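One-letter residues, chain by chain:
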Amino acid sequence: CLPANQERFANGKLATVQFHPSAQVVMTAGHDRSVSLFQVKDFNLNPKIQSIYLENFPIYKACFSVDGEQVIATGTHHRMFFVYDMMSGSITPIEKVRGVEERFLRNFEVSPDGSFMLLTGTSGYLHLLSMKTKELVSTMKVNGRCTASAFTPDSSKIYSYSKEGEVFIWDVRSRKCLHKFEDEGCLEGKCVAVSKNNQYVACGSASGVVNLYTTDVCLKENNPKPVKAIMNLVTSATCVTFNPTTEILAVASCEMDEAVKLV
């Protein structure tokens, strides 16, 4: 297979690569301040559809909306974010969300049902925004600093992982904390993922260990035992994700070249 973005390689580090939810399109975005879309056809020709340039805005993360009509992009050192409407071609800066007092907005998640956007703030604050209006719905807070969050597939709960290795489970509707548990042996939490069938939760830590839990145990016990501890990475586990059929877990570290394992 040829590189997906062969018609326009980025001039800086790529921060995001994502497939479109319904079209044969792949998006790349990164530190060269651009978002590019490519058609993925027969793996021999991947023609560029378009690129948009965001001036003075190195991209930290970009993500398609669930309907695939928008791209949301946050910057590396900005309190604003951009919404790119693919239908109209318009780029809308969201300068300030009322009620969100943060110096930087970087990490975020979009709920699988397309209703919410969850912004990870500093000091443990989590800001739940309406995806439709981009206005604040509610703010939640974990003890310590939140490093990663993940929605459950039905969008009813949020798993938030703190730097101190605690996982908080939130009810999206009431915004109340349902339960919290300690990730076994974790010195510093880095990333979290929930499988598409809601059976497993994976927690990746700075030591490179990824713990795999069943969700029913996570909701009941304060110190659950992992079904499996995956030890293959020697540097910090910075990304964990399940494939759509929950048969494969990908674990990766951005601190070393080619540090990707499929379990």
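Just so you know, these numbers come straight off a predicted model, no measurement behind them.

Colleague: Any chance you could break down the overall build of the protein chain for me, citing the residues and the numbers?
Modeller: Scanning the protein chain for helices and strands turns up one helix and 23 strands. Taken over the C-alpha trace, the protein chain has a radius of gyration of 18 Å; the compact-globule value for 263 residues is 18 Å, and the two agree within 12%. If you line up the protein chain on its principal axes, its C-alpha atoms span 50 × 45 × 30 Å. Long-range contacts, defined here as pairs at least 24 residues apart, represent 40% of the contacts in the protein chain between residues at least 6 apart.

Colleague: How would you sum up the UniProt feature "repeat: WD" (unreviewed entry) in the protein chain? Please name residues and give values.
Modeller: Residues annotated by UniProt as "repeat: WD" (unreviewed entry) correspond here to residues 150-180. Taken end to end, residues 150-180 has its terminal C-alpha atoms 14 Å apart, with 0% of it in helix and 58% in strand.

Colleague: Kindly report on the pattern of salt bridges, identifying the contributing residues and their values.
Modeller: Charged atoms that come close allow side chains of opposite charge to pair. Here the structure, examined in full by the defined rule, presents seven salt bridges. Where Arg79 meets Glu101, a salt bridge forms, and the shortest distance between an N and an O atom there is 4.0 Å. Here Glu101 lies in the loop between strand S8 (91-94) and strand S9 (108-110) and Arg79 lies in the loop between strand S6 (70-75) and strand S7 (81-85), a separation of 22 residues in the sequence. The salt bridge partner of Glu184 is Lys225, with a shortest N-O separation of 2.5 Å.

Colleague: Which residues make up the sheet that holds strand S5 (residues 59-64), and what values do they have?
Modeller: On the basis of which strands lie adjacent, the open sheet formed by four strands has the order S5-S6-S7-S8 and antiparallel pairing. Each edge of the sheet is formed by a strand with only one pairing partner; in this case those strands are S5 and S8. When strand polarity is set aside, the average angle formed by the axes of neighbouring strands in this sheet is 20°.

Colleague: Pulling in residues and values, what's your account of the pairing of strand S22 (residues 249-252)?
Modeller: Here S22 shows a buried face lined by Leu249 and Val251 and a second buried face lined by Ala250 and Ala252. Here strand S21 (residues 239-242) runs beside S22; their pairing, made up of four bridges, is antiparallel. Paired with Thr241 across the two strands is Ala250, which belongs to S22. For S22 and strand S23 (residues 260-262), the ladder comprises three bridges, and the chain directions are antiparallel. Paired with Ala250 across the strands is Leu262, a residue of S23.

Colleague: How would you sum up the sheet that holds strand S15 (residues 166-171)? Please name residues and give values.
Modeller: Across the sheet, four strands lie side by side as S13-S14-S15-S16; this open sheet has antiparallel pairing. Where the open sheet ends on each side, the last strands, each with one partner, are strand S13 (146-151) and strand S16 (177-182). For this sheet the average axis-to-axis angle between neighbouring strands, irrespective of direction, equals 20°.

Colleague: Quick rundown of the nonpolar core? Include the residues and the values.
Modeller: Ranked by size, the top nonpolar core spans 16 residues in total, and within it Met27, Val35, Leu54, Ile59, Ala62 and Val71 carry the most contacts. Broken down by secondary-structure element, the contributors of at least two residues to this core are strand S2 (25-30), strand S3 (34-39), S5, S6 and S7. In this structure, Ile59 is in contact with Ala15, Ala29, Gly30, His31, Arg33, Ser34, Val35, Leu54, Ala73, Thr74, Gly75 and Thr76, ignoring residues within four places of it in sequence.

Colleague: Pulling in residues and values, what's your account of the packing of aromatic side chains?
Modeller: Any aromatic ring pair is given by two values, namely how distant the centres are and how the planes are angled relative to each other. Under the defined criterion, the tally for this structure stands at three aromatic pairs. Centre to centre, the rings of Phe57 and Phe82 are 4.8 Å apart; their planes meet at 85°, and the pair counts as edge-to-face. Residue Phe57 is located in the loop between strand S4 (48-53) and S5, and its partner Phe82 is located in strand S7; the two are separated by 25 residues in the primary sequence. A relative accessible area of 1% places Phe57 in the buried class. The class for Phe82 is buried, based on a relative accessible area of 14%.

Colleague: Break down the environment of Thr245 for me, citing the residues and quoting the values.
Modeller: Positionally, Thr245 belongs in the loop between S21 and S22. Each C-alpha atom of the pair Thr245 and Lys196 lies 6.9 Å from the other, and the pair is 49 residues apart in sequence. Within polar-contact distance, the side chain of Thr245 engages the side chain of Asn243 at 3.0 Å. In terms of polar contacts, Thr245 uses its side chain to reach the side chain of Glu247, at 2.8 Å.

Reading guide: rules and limits
- Starting afresh in each chain, residues are numbered from 1 along the sequence in its written order.
- Whole-chain, interface and lining totals are the exception, using all residues; otherwise, since this is a predicted model, local features are given only for residues with pLDDT of at least 70 and side-chain atom pairs are given and counted only at 80 or more.
- Side-chain figures throughout are based on the complete set of non-hydrogen atoms in the structure, without hydrogens or water.
- The helix and strand labels rest on DSSP assignments: H or I over at least four residues marks a helix, E over at least two residues marks a strand, and numbering proceeds from the N terminus.
- We take the radius of gyration over the C-alpha atoms and set the globule estimate at 2.2 Å times the residue count to the 0.38 power.
- Any two residues whose heavy atoms approach within 4.5 Å are treated as being in contact.
- UniProt positions are given in the numbering used here, feature names are shortened, and annotations may be inferred rather than shown by experiment.
- Just to be clear on terms, a salt bridge is a Lys or Arg side-chain nitrogen sitting within 4 Å of an Asp or Glu carboxyl oxygen.
- In this description, strands pair whenever DSSP reports at least two bridges between them.
- To get an axis, fit a line to the C-alpha atoms, keeping to the stretch in contact for a helix; angles then go from 0 to 180 degrees between the N-to-C directions.
- We call a residue buried when its accessible area falls under 20% of the maximum for its residue type, exposed when it is over 50%, and partly exposed in between, using a 1.4 Å probe and counting protein chains only.
- For our purposes a nonpolar core is just a set of buried Ala, Val, Leu, Ile, Met, Phe, Trp, Tyr and Cys residues, chained together by side-chain atoms within 4.5 Å.
- Two rings belonging to Phe, Tyr or Trp (six-membered ring only in the last case) form a pair when the distance between their centres is within 6.5 Å. Interplanar angles under 30 degrees mark stacking, angles over 60 mark edge-to-face geometry, and anything in between is tilted.
- Whenever a nitrogen or oxygen atom comes within 3.5 Å of another N or O atom, the pair is scored as a polar contact, on the condition that within protein one atom can donate a hydrogen and the other can accept it, and that pairs from neighbouring residues in sequence are kept only if both atoms are in side chains.

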